[in-house]
Structure formats: structure tokens, C-alpha cells
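Examining the three-dimensional arrangement
Single-letter residue listing:
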Amino acid sequence: MMDVRYPAKVSEDPAGGFCVQFIDLNEAFTEGDTLEEALFNAAEVLTLTLEGRLSEGMDVPDPSQGVKGGHYIAPDAKTQGVLLLRAARGDRTLAQLARAMDTSWPQAKRLEDPRHWPSLKTLDKAARVLGKRLVLSIE
């Protein structure tokens, strides 16, 4: 089971507030007046950073695990879905996924577009043809 929460280091700013820097994504950092605000902002920055990387075909690293003192932060649900599906697809091509789902290549490609909201039914079907199970969680 892949975890798509990314670790971030949170530090208290001597001038006030908190700074957040993602360990795996150097360009992803933010701040907030309170810890709660900084972590909320971090989830938004993480989502935007991952969306940008995905849209531009850039590498998206797997999240580091076991970072001591790290705050593990999740991107939005759409981006989580894209990352999980890409991981489950592995070396299979989008064309192979489309054939297995009995759909078109553009439809399969949309499953990996973080701006697209696929239905749960479609995500479940994609997971099943990839030999996985769709599991939802609310935190």
C-alpha cells in the first residue's frame, strides 16, 4: 500500500510564525502565523507543486518514509488518486490500461490528470484491472 503523504520539516521562525519545507520537493515551501495555518498552507503548496510536475511531465519522487520529526502531509484527493494510479500502473502503458478497462486512450490518460475528477466507479475499475483494490479513508 503506497502512502502519498510527503514529509516536511516545520521550523519556528524567530520573527514569528512557522516555516514548512518539503524534504522531497525543494521548490515546495510555505509559512503561516500558526502551526495549523502553516500545515494547511503546506497541503495547498504540495498539491500545486505535484500538479505542476505532473502537468509538465516532470519527475515526481516517491515520498520519503521514516523521516524523524517530519510532518507527513497529503495533497488533495485528485492528486492522491493520480499518484496512486500511476504507482499501481507500474510499467504498463496507458494504452494497456485503456484496453484492460475497455475504454479509449484519452479516457485512460485523464485518470492521470490532476485537474480531472474521475468517478469512484472508474477509479475502482482501474484499480481492479491493475490487480488492486480501491480503499478510501477520511482523516
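Here the structure is shown first, and the text comes after it.
As a starting point, this report considers the structure included with it. Chains are numbered independently. Their residues run from 1 in the order of the written sequence. In view of the model being predicted, local features appear only for residues whose pLDDT reaches at least 70, and side-chain atom pairs are presented and counted only at 80 or more, with totals across whole chains, interfaces and linings using the full set of residues. Side-chain metrics in this entry use all non-hydrogen atoms of the structure; hydrogen atoms and water are not considered.

Below, the discussion takes up the overall build of the chain. Along the chain, the regular secondary structure elements total 5 helices and 4 strands. Of the regular secondary structure in the chain, the N- to C-terminal order runs β-β-β-α-β-α-α-α-α. Expressed as lengths along the three principal axes of its C-alpha atoms, the size of the chain is roughly 55 × 25 × 25 Å. In what follows, residue pairs with any heavy atoms lying within 4.5 Å of each other are defined as contacts. Restricting to contacts in the chain with at least 6 residues of sequence separation, those with at least 24 account for 55%. Each accessible area is a Shrake-Rupley result for a 1.4 Å probe, and residues are judged covered by the shown protein chains and nothing else. About 8700 Å² of surface is accessible on the chain, with carbon and sulfur atoms providing 52% of the total. The charged-residue count follows a simple rule in which Lys and Arg add positive charge and Asp and Glu add negative charge, with His and chain termini not counted at all. One atom stands in for each charge, and that atom is NZ of Lys, CZ of Arg, CG of Asp or CD of Glu. If the 17 positive side-chain charges of the chain are averaged to one point and the 21 negative ones to another, these points end up 13 Å apart. In this text, helices come from DSSP runs of H or I with a minimum length of four residues, and strands from runs of E with a minimum of two, each type numbered from the N-terminal end.

For this analysis, a salt bridge means a side-chain nitrogen from Lys or Arg found within 4 Å of a carboxyl oxygen belonging to Asp or Glu. Under the criterion given, the structure shown has 6 salt bridges. Ionic pairing is found between arginine 86 and glutamate 112, a salt bridge with its closest N-O pair at 3.8 Å. Of this pair, arginine 86 sits in helix 2 (residues 77-89) while glutamate 112 sits in the loop between helix 4 (105-110) and helix 5 (120-129), and the two are 26 residues apart along the sequence. The shortest N-O distance in the salt bridge between arginine 128 and aspartate 124 comes to 3.1 Å. Here arginine 128 and its partner aspartate 124 are both found in helix 5, 4 residues apart, which amounts to about one turn of the helix. Relative accessible area serves as the criterion here: at 27%, aspartate 124 is assigned to the partly exposed category. Members of the salt-bridge network, linked through shared partners, are Arg86, Arg89 and Glu112. The classification of residues rests on relative accessible area computed with a 1.4 Å probe and restricted to protein chains. Under 20% of the type maximum is buried, over 50% is exposed, and intermediate values are partly exposed.

This brings us to the layout of surface pockets. A cavity here means a set of points on a 1 Å grid, drawn over the protein atoms and nothing else, where a 1.4 Å probe fits but cannot get out; a pocket is an open set with protein on both sides within 12 Å along at least five of seven lines, and a residue lines either one if it has an atom within 4 Å of a point. Grid points are joined across faces, edges and corners, and a volume is the space filled by probe spheres set on the points. The computed volume of the largest pocket comes to approximately 1200 Å³. Around the largest pocket, the lining comprises 31 residues; the ones closest to its centre are Gln80, Leu84, Leu134, Val135 and Leu136. Counting only elements with at least two residues in the lining of the largest pocket, the list comes to helix 2 and helix 5. Here the lining of the largest pocket takes 9 residues from helix 2, the largest share from any one element. When residues are grouped by polarity, Ala, Val, Leu, Ile, Met, Phe, Trp, Tyr, Cys and Pro land in nonpolar, Asp, Glu, Lys and Arg in charged, and all others, Gly among them, in polar. Its residues assigned to classes, the lining of the largest pocket shows 21 nonpolar, 4 polar and 6 charged. Lining the second largest pocket are Leu54, Ser55, Gly57, Met58, Arg86, Leu94, Lys109, Glu112, Asp113, Pro114 and Arg115.

Attention now goes to the pairing of strand 2 (residues 18-22). Here strand 2 shows one buried face, formed by Phe18, Val20 and Phe22, and one open face, formed by Cys19 and Gln21. Note on pairing: DSSP must find at least two bridges between two strands before they are called paired. Taken together, the 5 bridges between strand 1 (residues 6-12) and strand 2 define a ladder with antiparallel strand orientation. When the bridges of strand 2 are listed, alanine 8 appears paired with phenylalanine 22. Turn length for the strand 1-strand 2 hairpin, with the two strands adjacent in sequence and antiparallel, is 5 residues, and the turn residue glycine 16 shows positive phi of about 115 degrees. Bridge count for strand 2 against strand 3 (residues 29-32) is 4 bridges, and the pairing is antiparallel. Residue pairing for strand 3: phenylalanine 18 is matched across the bridge by glycine 32. Where strand 2 hands over to strand 3, the hairpin turn is made up of 6 residues, counted between the paired strands.

Here we take up unusual backbone geometry. Within the chain, aspartate 102 stands out as a residue other than glycine whose phi angle is a positive 60 degrees. Mapped onto the elements of the fold, aspartate 102 is located in the loop between helix 3 (94-101) and helix 4. Residue aspartate 102 is classed as exposed on the basis of its relative accessible area of 70%.

Everything listed here is a matter of coordinates, which is why it stays silent on function.
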